[in-house]
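Structure assessment
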Amino acid sequence: MDGVNNSGVSEFLLLGISESPEQQRVQFWMFLSMYLVTVVGNVLIILAISFDPRLHAPMYFFLANLSFTDLFFVTNTIPKMLVSLQSQNKAISYAGCLTQLYFLVSLVALDNLILATMAYDRYVAICRPLHYTTAMSPGLCILLLALCWALSALYGLTHTLLMTRVTFCGSRKIHYIFCEMYVLLRLACSNTQVNHTVLIATGCFIFLTPLGFMIMSYVRIVRAILRIPSATGKYKAFSTCASHLAVVSLFYGTLGMVYLQPLQTYSMKDSVATVMYAVVTPMMNPFIYSLRNKDMHGALGRLVLMGKQPPE
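Note that the coordinates shown come from a computational prediction; the quantities given were computed from them, not determined experimentally.

Observations regarding the packing of aromatic side chains
Scanning the model with the defined rule gives 12 aromatic pairs in all. Seen in terms of ring centroids, F61 and F62 are 5.3 Å apart; in terms of plane orientation they differ by 65 degrees. Their pairing is edge-to-face. Owing to a relative accessible area of 1%, F62 belongs among the buried residues under this scheme. On the basis of an interplanar angle of 45 degrees and a centroid distance of 5.3 Å, the ring pair of F72 and F103 is categorised as tilted. Of this pair, F72 sits in helix 2 (residues 58–86) while F103 sits in helix 3 (residues 94–127), placing them 31 residues apart in sequence.

Describing the UniProt feature "transmembrane region" (unreviewed entry) in the protein chain
The residues that UniProt annotates with the feature "transmembrane region" (unreviewed entry) are residues 28–51, 57–79, 91–115, 135–162, 199–219, 240–260 and 272–291. Along residues 57–79, the helical share is 96% and the strand share 0%, with 33 Å between the first and last C-alpha atoms. Note that residues 135–162 is 93% helix and 0% strand, and that its end C-alpha atoms are spaced 38 Å apart.

Things to note about the state of the cysteines
Counted by the stated rule, this structure contains one disulfide. One disulfide in the model links C97 with C179; its S-S distance is 2.0 Å. Its S-S torsion of about -125 degrees marks the bond between C97 and C179 as left-handed, since a negative value means left-handed. Remark: C179 occurs in the loop between strand 3 (173–174) and helix 6 (181–187) and C97 occurs in helix 3; sequence separation between them is 82 residues. You'll find C97 and C179 in the same group, each marked buried.

Rules used in this analysis
- Residues numbered from 1 in each chain as written.
- Predicted model: local features only at pLDDT ≥ 70, side-chain atom pairs only at ≥ 80, totals over all residues.
- Heavy atoms only, no water.
- Phe/Tyr/Trp six-rings, centres within 6.5 Å; stacked < 30°, edge-to-face > 60°.
- Buried < 20%, exposed > 50% of the residue type's maximum accessible area, 1.4 Å probe, protein only.
- Helix = DSSP H or I, 4+ residues; strand = E, 2+ residues; numbered from the N terminus.
- UniProt positions renumbered as here; feature names shortened; annotations may be inferred.
- Disulfide = S-S within 2.5 Å.

Below, the structure written as structure tokens:
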């Protein structure tokens, strides 16, 4: 990827949400704290699932990959943002900006696809419990995950390559916390109709199709739960889906606040919404999945005790 685009722009300036030095200091410590909490929470989830044989099941396999994706996602954006907030050097190179954009777009799509795969896992577990072992075999789980990675990588590559065709000849200032697609398109001075068309077409496929699949899965799950005769059985079945539903609602709720609108109406208030899906959602996911899950509670407790044991 060239360090300079066809309009001669070699770098952008990440100015953040606010240019006030006082507010930037507050934002630095806030984002640093959220980043550390996100890293620790997701690393603990990954370690607990990796080291506890009781959690070697499809649901936790996908959860570990979701945590890895969230960890990768925040590491792609927050460290550079912290440097920009703390120092006077707000510059990010053209190549660095497009690299950040590629991983940002790819990992958001990957998060979405993994959530859809987890919905399928819950559907099979509740609606077809006798076929669960064969329907969610290790080979199929790996195949589904590989498909998620391939589709998200292709989605990110498509939009990044299209962005290289865009000409930037005006302001290089990005009043944002990272190189986000809508923000870059707003800075363009060339025709971006192709970018918009492809963004809508691929966005419908990579986001709305999995969302529709998840809705249909949960319609069938609810029907199956309502057929369970005992209240205890209904509660137990629903509790296995509650965490996933909460994460899906948080993910699509924050994403919809930003992207379900025309590009022309994109404003500063959407920067706050982007912080929600880019920082808050990855931070909250470990808490959501661990607070309501007794197996995760036990695994995290055993992991902590393992770390406290003195070496022999």
